[in-house]
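# Structural overview for review
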Amino acid sequence: MKSTSGNDGAKRRAGESAAALVEDGTVVGLGTGSTTAYAIRALGDRVAEGLSIRGIPTSYQSRALAREVGIPLVTLEDATPTVAIDGADQVADGDLVKGGGAAHAREKVVDSSAERFVVVADESKRADALSHPVPVEVLPDAVPTVEARLREEGGDPTLRAAVHKDGPVVTDNGNLVLDCDFGTVADPATLAATLSPLPGVVEHGLFVGLADEVHVGTATGVDVERFR
Ligand SMILES: O=C(CO)[C@H](O)[C@H](O)COP(=O)(O)O
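These numbers come from a predicted model, not from an experiment. (Residues numbered from 1 in each chain as written. Predicted model: local features only at pLDDT ≥ 70, side-chain atom pairs only at ≥ 80, totals over all residues.)

### With respect to the domain arrangement of the protein
Under the domain assignment, the protein is made up of domain 1 (8-127 + 209-226) and domain 2 (134-204). Facing 11 residues of domain 1, the contacting portion of domain 2 comprises 12 residues. Of all elements in the fold, only β5 (95-97) and α4 (104-113) reach the threshold of two or more residues within the side of domain 1 that touches domain 2. Tallying contributions element by element places α4 first for the side of domain 1 that touches domain 2, with 4 residues. Of the residues that constitute the side of domain 1 that touches domain 2, the class distribution is 5 nonpolar, 3 polar and 3 charged. (Domains from an automatic or database assignment. Contact = placed C-beta atoms within 7 Å. Helix = DSSP H or I, 4+ residues; strand = E, 2+ residues; numbered from the N terminus. Nonpolar A, V, L, I, M, F, W, Y, C, P; charged D, E, K, R; others polar.)

Below, the structure written as structure tokens:
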């Protein structure tokens, strides 16, 4: 898992606020990251008290944590998520940049299939417009060609380096990640539509028009923004 920041109280409030929405008998998409981890732990506490849910994890990390806290797990072959809870690296008017944990490909599959997608974040993630570098998961052989195409589209891609090993980050799917700086993204939907069909791109971290609500943890509480 990525290291947590100094916003742990706000992250915990956001995660617990989203976990409180989960109803008995439902299927929950379990996102990835330090904020979602608070939601998964809160759900584990509720399961210990008798809540009956099934989780669909989005990464090795969320699967391991869900198992640790006792949430029964299924796959998309077994069930469709009633609700998905997931974090974000930046939030602007309900649109997101995700993939700081390199899990955005599976996250997009699970989050977009849920009847309700709830984003959890602390205040540092809020912005007027998306400007965070966009993670792009790429087939390893396609890195040079995708880098060139991203530059043609005005981006500045950097191959994500691993912290505790030599060489690049390898995703749970065996691919590599290019973090692509596009500056301020004036039209996230258009950029998303440009990136998706590039040969060799598995998935990008722009989540446009997918979030139903965003729970933003603050120093004292939680702001809930609804988009549908
Ligand atoms: O997209 C993600 C992982 O791929 C995370 O949800 C995102 O990076 C936010 O993480 P955190 O809650 O630790 O700040």
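From this point, the discussion proceeds with the structure in view.
### Comments concerning the pairing of strand β13 (residues 222-226)
Bridge count between strand β12 (residues 213-217) and β13: 5 bridges; the pairing is antiparallel. From the neighbouring strand, His215 faces β13, where its bridge partner is Val224. Between β12 and β13, which follow one another and run antiparallel, lie 4 residues. (Pairing = 2+ DSSP bridges.)

### Let's talk about the site of the ligand
By nearness alone, 19 residues border the ligand, and Gly33, Thr35, Gly87, Gly100 and Gly101 come closest of all. When residues in the shell around the ligand are grouped by element, the largest group, 3 residues, is from helix α2 (residues 34-48). Each residue belonging to the shell around the ligand can be placed in one class, and the counts come to 3 nonpolar, 11 polar and 5 charged. (Near = placed C-beta within 6 Å.)

### Focus on the sheet that holds β5
Reading across from one edge, β4-β5-β11 is the order of the 3 strands in this open sheet, with antiparallel pairing throughout. Taken across any chain shown, the strands that pair with only one partner, and hence form the sheet edges, are β4 (90-92) and β11 (206-207).

### Here we look at the nonpolar core
Formed by 55 residues in total, the largest nonpolar core has its most connected members in Ala39, Ile85, Val119 and Val136. Sort the elements by how many residues they give to this core and α2 lands first, with 6 residues. Shared between two domains, this core takes at least three residues from each, and those domains are domain 1 (8-127 + 209-226) and domain 2 (134-204). Beyond its immediate sequence surroundings of up to four residues, Val119 is in contact with Asp86, Ala88, Val91, Leu96, Ala211, Val214 and His215. (Core = buried A, V, L, I, M, F, W, Y, C linked by C-beta atoms within 7 Å. Buried ≥ 20, exposed ≤ 12 C-beta atoms within 10 Å, placed from the backbone.)

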